[in-house]
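# Observations on chain architecture
If you want the building blocks of each chain, they are given just below.
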Amino acid sequence: MDSSSDHSPSASLHSPGDVHNVKFCQWCGSPTKHEIPEGEERLRAICTSCGKIAYQNPKMVVGCLIEHDNKVLLCKRKIEPSYGLWTLPAGYLEIGESAMEGAIRETREEANAEVEVISPYAQLDIPLIGQTYIIFLARLRKPHFSPGPESSECQLFSLSEIPFSSLSFSSMVVTLSLYVEDMNAGGKPKFHYVTINKRPGTSASDIHAFTLDHHMQS
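In what follows, the accompanying structure is described. These numbers come from a predicted model, not from an experiment.

### Brief notes about helix α1 (residues 99-111)
Between its terminal C-alpha atoms α1 stretches 18 Å, which fits the 18 Å expected from 13 residues at 1.5 Å a residue. Three or more residues of α1 are buried, namely G102, A103, R105, E106, T107, E110 and A111. Close packing links the buried residues of α1 with β4 (59-68), β5 (71-77), β7 (90-92), β8 (115-126), β9 (131-140) and β10 (151-158). Among the residues trailing α1, N112 stands out with phi positive, at a value near 50 degrees.

Structure (structure tokens):
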């Protein structure tokens, strides 16, 4: 789940929102300067020719936590980063689709599975890498799934079998940990909001280099 070319979240933690990385105007190609525009508080890349400002915004990642026979469906990644590690089917939201539509599409692409969304389950903000995850609870419309082009395996895991030591990203660790806690506390999933603070300089696949803030649930 991490690289825009393969519809997955970003592979590096080198401050993708660093305005100094924007050196040329995306509209006219002229060099940019880096200043704080009047009335704003953040440093921006401003075109030295046409004057347009390049605003950088977080990317939204959407996916499904699929329940079936008291198990959850995971995919083993066949692409970098986190090649060979397990993930929920998820990836970048595309222009023109809703978060739910994107989550259903990603599930179809990565697991060849058709799902029915039940409800939103978690919103995870990761400020350091400029990503927000929206994960939906879903169920299989038919008990059929198989690896898509970006997956080498798809498998159902009981709660006790979830391979926490072999998950792909901290977002997956957090989501599945919350789900297991919910199930063990009474079997009814809650909605969770949490901020994942990644440790600067760590790789996307370092699944334990984070702290959690602002955990809210309902």
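### A look at the sheet that holds strand β3 (residues 53-54)
On the basis of which strands lie adjacent, the open sheet formed by 3 strands has the order β1-β2-β3 and antiparallel pairing. Bordering the open sheet on either side are β1 (32-35) and β3, each of which pairs with just one other strand. Where strand β2 (residues 44-47) and β3 come together, 2 bridges link them in antiparallel fashion. Looking across to β3, one finds that I46 is bridged to I53.

### A short note on the pairing of strand β11 (residues 192-198)
Taking burial as the measure, the 7 residues of β11 include 6 buried ones, the bulk of the element. Pairing of β8 with β11, which is carried by 4 bridges, proceeds in the parallel orientation. Residue pairing across strands places L124 opposite V194, the latter belonging to β11. Bridge count between β11 and strand β12 (residues 210-217): 6 bridges; the pairing is antiparallel. Bridge pairing in β12 places Y193 opposite M216.

Scoring rules and cut-offs
Residues numbered from 1 in each chain as written. Predicted model: local features only at pLDDT ≥ 70, side-chain atom pairs only at ≥ 80, totals over all residues. Heavy atoms only, no water. Helix = DSSP H or I, 4+ residues; strand = E, 2+ residues; numbered from the N terminus. Expected span 1.5 Å × (residues − 1). Buried < 20%, exposed > 50% of the residue type's maximum accessible area, 1.4 Å probe, protein only. Contact = heavy atoms within 4.5 Å. Pairing = 2+ DSSP bridges.

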